[in-house]
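Understanding the architecture of this molecule
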Amino acid sequence: MGKKIFIAGGAGYVGTALIDLALKKNYQIICYDMLIYSDDPIKQFNNYPNFKFIKGDVRDRSKLDKSIVGSDYVVNLAAIVGDKPCQVAPKSTYQINYLGNQFLLESSKKNRIKKFIFASTCSNYGISSSNLFADESSKLNPVSLYAEIKIDSEKLVKDFNDKSFCTTSLRFATAYGISNRTRFDLTVNSFAYEAYKDKKLMVFAGDTWRPYIHVYDMGHLILKILESSDQKISGEVFNAGFTNENYTKEDIVNFFIEKMPSLEVNTVNSIEDPRNYKVSFKKIEKLFNIKNNYSIPLGIDELFDSFKSGKLTYNDYSTNSLDKITEFFNKKEESLYINNI
């Protein structure tokens, strides 16, 4: 058996991709998750002797302390993700995304965890000049509660770092592609379903920039960090993605048109989401001398093939984050935890 990784939020979009990769590399895995979206995404992992699931909440300090014992590394993917879900449950968002991260850090340090990785976001850059690439030293300009809490959490992660406890924050690009719990509140994935089902796309603010990364490349980067020497990553923040994967929405649409020449595209100029940023990933690319394994055209093919084969269905698309968050974090849930922490 290899090193043991404790993955908070392991039953989610990124977590299931990371677990798949880590198990194939003979890591031991503890998946710690409150299962907002059911246990279906992790059922196949039960066949691995080095996989263990613990149903738990990162706000439960006592359970965290017991569950994390014996682990070598901790990866914190536990979060309410995205602007709208955070608006639906702002109290629980603060508790899970910030306090939960704090509790994980405290428990990790107490249990002498060797490395701690925090999943942050390039959304921290918010609105920046489309003529410049944002790097890790660029000004942060959050335009959402989600990004504001990520920035505060990054500071906390760095404060906990010391010679015996190596912490790293990864500002991930916008994800796409398939995992065991594929999300469809993301540009490429959402476009793929709409293009496949309706043969048309509605595009808002087509000239806005984003960096993109396949969900499995996210898993690869996390493992690269865990496998690197402490002096290279200790206390560091990395933009996590690949510089050649910065695109406007119009660029993304053109990838779809190449595959579906008859695709109907309707462009709307109104901007519901003001974010606009290009990001440099030279720091992490230089450190590991790596390139992306996946590209957006390959990701689109992967999505289309999964729709055609029935691997992904309307049920996967309709069971989106906002609906589940609304159902799970009702007013009772919001008040319950604010009183009990």
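Everything numeric here is computed off the predicted structure, so don't read it as measured data. (Residues numbered from 1 in each chain as written. Predicted model: local features only at pLDDT ≥ 70, side-chain atom pairs only at ≥ 80, totals over all residues. Heavy atoms only, no water.)

As for the pairing of strand β10 (residues 209-214)
- Counted residue by residue, β10 has five buried out of six residues, so it is predominantly covered.
- Direction of pairing for strand β8 (residues 174-176) relative to β10: parallel, over a ladder of three bridges. Among the inter-strand pairings, T174 is bridged to a residue of β10, identified as Y212.
- Examined bridge by bridge, β10 and strand β12 (residues 246-248) share three bridges and lie antiparallel to one another. Considered in β12, the bridge of R210 is made with Y247. (Buried < 20%, exposed > 50% of the residue type's maximum accessible area, 1.4 Å probe, protein only. Helix = DSSP H or I, 4+ residues; strand = E, 2+ residues; numbered from the N terminus. Pairing = 2+ DSSP bridges.)

A few points about the pattern of salt bridges
- Taken as a whole, this structure holds 15 salt bridges when the rule is applied.
- As a salt-bridge pair, K25 and E227 come within 2.9 Å of each other at their nearest N and O atoms. Residue K25 is located in the loop between α1 (13-24) and β2 (28-33), and its partner E227 is located in helix α7 (residues 215-227); the two are separated by 202 residues in the primary sequence.
- Classification of K25 as partly exposed rests on a relative accessible area of 47%.
- Note that K283 is salt-bridged to E236, the shortest N-O span being 2.7 Å. Remark: E236 occurs in strand β11 (residues 236-240) and K283 occurs in helix α10 (residues 282-288); sequence separation between them is 47 residues.
- Look at K283 and you get partly exposed, because its relative accessible area is 31%.
- Connected via shared salt-bridge partners are D39, D40 and K43. (Salt bridge = Lys/Arg side-chain N within 4 Å of Asp/Glu carboxyl O.)

Topic: the packing of α1 against α7
- Where α1 meets α7, the closest approach of the two axes is 8 Å, and the angle between their N-to-C directions is 60°. Classified by the angle their axes make, α1 and α7 are oblique. When the axes of α1 and α7 are compared, the crossing they make is right-handed. Taken together, the residues of α7 that come into contact with α1 (itself represented by Y13, V14, A17, L18, D20, L21 and A22) are V215, Y216, M218, G219, H220, I222 and L223.
- In terms of residue class, the contact of α1 with α7 is made up of eleven nonpolar, two polar and one charged. (Axes fitted to C-alpha atoms, helices over the stretch in contact; angles between N-to-C directions. Parallel < 35°, antiparallel > 145°, perpendicular 65-115°, else oblique. Left-handed = near helix turned anticlockwise from the far one by under 90°. Contact = heavy atoms within 4.5 Å. Nonpolar A, V, L, I, M, F, W, Y, C, P; charged D, E, K, R; others polar.)

Some details on unusual backbone geometry
- The backbone of N26 sits at a positive phi, close to 75°, despite the residue not being glycine.
- Its place among the elements puts N26 in the loop between α1 and β2.
- The backbone of L35 shows a phi angle near 60°, a positive value even though the residue is not glycine.
- Relative to the helices and strands, L35 is located in the loop between β2 and β3 (51-55).

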